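The primary structure of each chain is shown beneath.
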Amino acid sequence: MSVRHFLSLLDYSLADYRRILARAEALKKAYDAGIRPATLRQRVLGMIFEKASTRTRLSFEAGIAQLGGTAIFLSPRDTQLGRGEPIEDSARVISRMVDAVMIRAKDHHMVEQFAAYSRVPVINALTDLNHPCQLLADVFAFEQNRGSIQGKRVAWIGDGFNMCHSYINAAQVFDFELMIATPEGYQPDPAVVAAAGDRVHLVRTSYEAASGADLVVTDVWASMGQEDERERRLRDFKTFVIDDDVMARAHSDALFMHCLPAHRGEEVTAEVIDGPQSVVWQEAEARLHTQKALLEFLILGEVSDDVGNPVI
């Protein structure tokens, strides 16, 4: 059986994601009840971080531990990858010693190259192209609050970067309408947009994007690695703040999401992110449960139905 990787939301079918999300819901209920099913007992996850992260490390490391397994954290200082070893050599070695590899990288090609030489599943935990793990969490969090996302309208307001690309992929897979508002010069990759067909629409203003939306989403204006562009981006994005006026254009029960960390007063006001329509904390927790289900799916080749055996 060939190795299954998770590098993009386009890697699997809607039916696969429905099984993963249903399993995530079962795992969340078990977690809330204090149950930790040991479906991944003695399995090891290698975690390679070129970019630091709070939520990614916590959710993967805690997640596999709750399923009975272990995670090994590897920064560039901890591996030969940081000293110029060819990616294919590292992949061949690391994948002989663990059951799955999670990579948070600067360059999407690096993750693709690693996966091409890996004997075990490789998970894209963020690259410059996309962030599929976050989208599993976002869809899960939305559907926990509002039911199926199919046919809904989602507004992406901000930079047309990796998170925006994954929302475009999600619109294809989960069949929702995506309205994208970015400043001139910050639009998403045209090829990514074109692949989504008529599910995606590029508009000029935040108000246009948010009009009639069921979900409004943003991210920081300067992602990790773009800090030297910060002052220019603050000027370019100044009319793309999500505030009460923007949210008023959406449906009255629309949700607000942000993958975090957030800069209150820049891409979103405190009144919105800390207000009643915001589900950012549920969204963050959803990373834990969706990634547990994803790990089962990739390592076991299926999603488990075990929710009753505690980790001992």
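Further remarks concern the side chain of Asp 138. The residue Asp 138 is located in helix α5 (residues 132-146) in this model. Engagement of the side chain of Asp 138 in a polar contact is seen with the side chain of Gln 134, the distance being 2.8 Å. In contact with Asp 138, not counting residues within four places along its chain, are Met 163, Tyr 167, Met 257 and Glu 283.

What follows covers the nonpolar core. Counting 59 residues, the largest nonpolar core has Phe 6, Tyr 167 and Leu 178 as the members making the most contacts within it. Apart from the residues within four sequence positions on either side, Leu 178 is in contact with Val 154, Trp 156, Tyr 167, Ile 168, Ala 171, Arg 199, Val 200 and His 201. Core analysis: the next-biggest nonpolar cluster, separate from the first, contains 22 residues, Ala 181, Phe 240, Val 246 and Val 268 among them.

All right, on to a negative patch on the surface then. Residues Glu 50, Asp 107, Glu 112 and Asp 128 make up a contiguous surface patch of negative charge. You can see Asp 107 is positioned in the loop between β3 (100-104) and α4 (108-116).

Turning to the pattern of salt bridges, a few remarks are in order. One pass over the structure, following the stated rule, counts 17 salt bridges. A salt bridge links Arg 19 to Asp 16, with the shortest nitrogen-to-oxygen separation between them at 2.3 Å. Taken together, the positions of Arg 19 and Asp 16, both in helix α1 (residues 14-32) and three residues apart, correspond to about one turn of that helix. Since its relative accessible area comes to 42%, Arg 19 is described here as partly exposed. You can call Asp 16 buried: its relative accessible area is 14%. Notably, a salt bridge pairs Asp 99 with Arg 43, separated by 3.9 Å at the nearest N-O pair.

Take the environment of Ala 248 next. Checked against the element boundaries, Ala 248 lands in helix α10 (residues 244-249). Classification of Ala 248 by relative accessible area gives exposed; the value is 58%. Placed 36 residues apart in sequence, Ala 248 and Gly 212 show a C-alpha to C-alpha distance of 9.3 Å.

Within the structure shown, the criterion is met by one cavity of 30 Å³ or more. The volume enclosed by the largest cavity comes to roughly 40 Å³. Surrounding the largest cavity, Trp 156, Asp 159, Phe 161, Asn 162, Met 163, Cys 164, Asp 219, Val 220 and Ser 223 form its lining. In terms of residues, the lining of the largest cavity owes the most to one element, helix α6 (residues 162-174), which gives three residues. A class-by-class count of the residues in the lining of the largest cavity yields five nonpolar, two polar and two charged.

Time to look at the sheet that holds strand β8 (residues 215-218). By way of backbone hydrogen bonds, the strands of a sheet pair with one another, either parallel or antiparallel. Sheet architecture is open: five strands sit in the order β7-β6-β5-β8-β9, paired in parallel fashion. This sheet does not close on itself; its edge strands, each paired only once, are β7 (200-203) and β9 (255-258). Across this sheet, the average inter-strand angle for adjacent strands is 20°, counted without regard to direction. Two strands pair when backbone bridges link them, and strand β6 (residues 177-181) and β7 are joined in this way by four bridges, in the parallel orientation. Counterpart to Met 179 in the pairing with β7 is His 201. Each of β8 and β9 is contacted by α5, which is oriented at about 160° to β9, the strand it contacts most. Packing of α6 onto the sheet brings it into contact with β5 (153-157), β6, β7, β8 and β9, and relative to β6 it is tilted by some 160°.

The rules behind the values
Residues numbered from 1 in each chain as written. Predicted model: local features only at pLDDT ≥ 70, side-chain atom pairs only at ≥ 80, totals over all residues. Heavy atoms only, no water. Helix = DSSP H or I, 4+ residues; strand = E, 2+ residues; numbered from the N terminus. Polar contact = N/O pair within 3.5 Å; in protein donor to acceptor, adjacent residues only side chain to side chain. Contact = heavy atoms within 4.5 Å. Core = buried A, V, L, I, M, F, W, Y, C linked by side-chain atoms within 4.5 Å. Buried < 20%, exposed > 50% of the residue type's maximum accessible area, 1.4 Å probe, protein only. Patch = residues over 30% accessible without salt bridge, like charges linked within 9 Å, V, L, I, M, F, W, Y side chains within 5 Å. Areas by Shrake-Rupley, 256 points an atom, 1.4 Å probe, with all protein chains shown as cover. Salt bridge = Lys/Arg side-chain N within 4 Å of Asp/Glu carboxyl O. Lys, Arg positive; Asp, Glu negative; His and termini not counted. Charge placed at Lys NZ, Arg CZ, Asp CG, Glu CD. 1 Å grid on protein atoms, 1.4 Å probe; cavity = no way out; pocket = protein on both sides within 12 Å on 5 of 7 lines; lining within 4 Å. Points joined across faces, edges and corners; volume = space filled by probe spheres on them. Nonpolar A, V, L, I, M, F, W, Y, C, P; charged D, E, K, R; others polar. Pairing = 2+ DSSP bridges. Axes fitted to C-alpha atoms, helices over the stretch in contact; angles between N-to-C directions.

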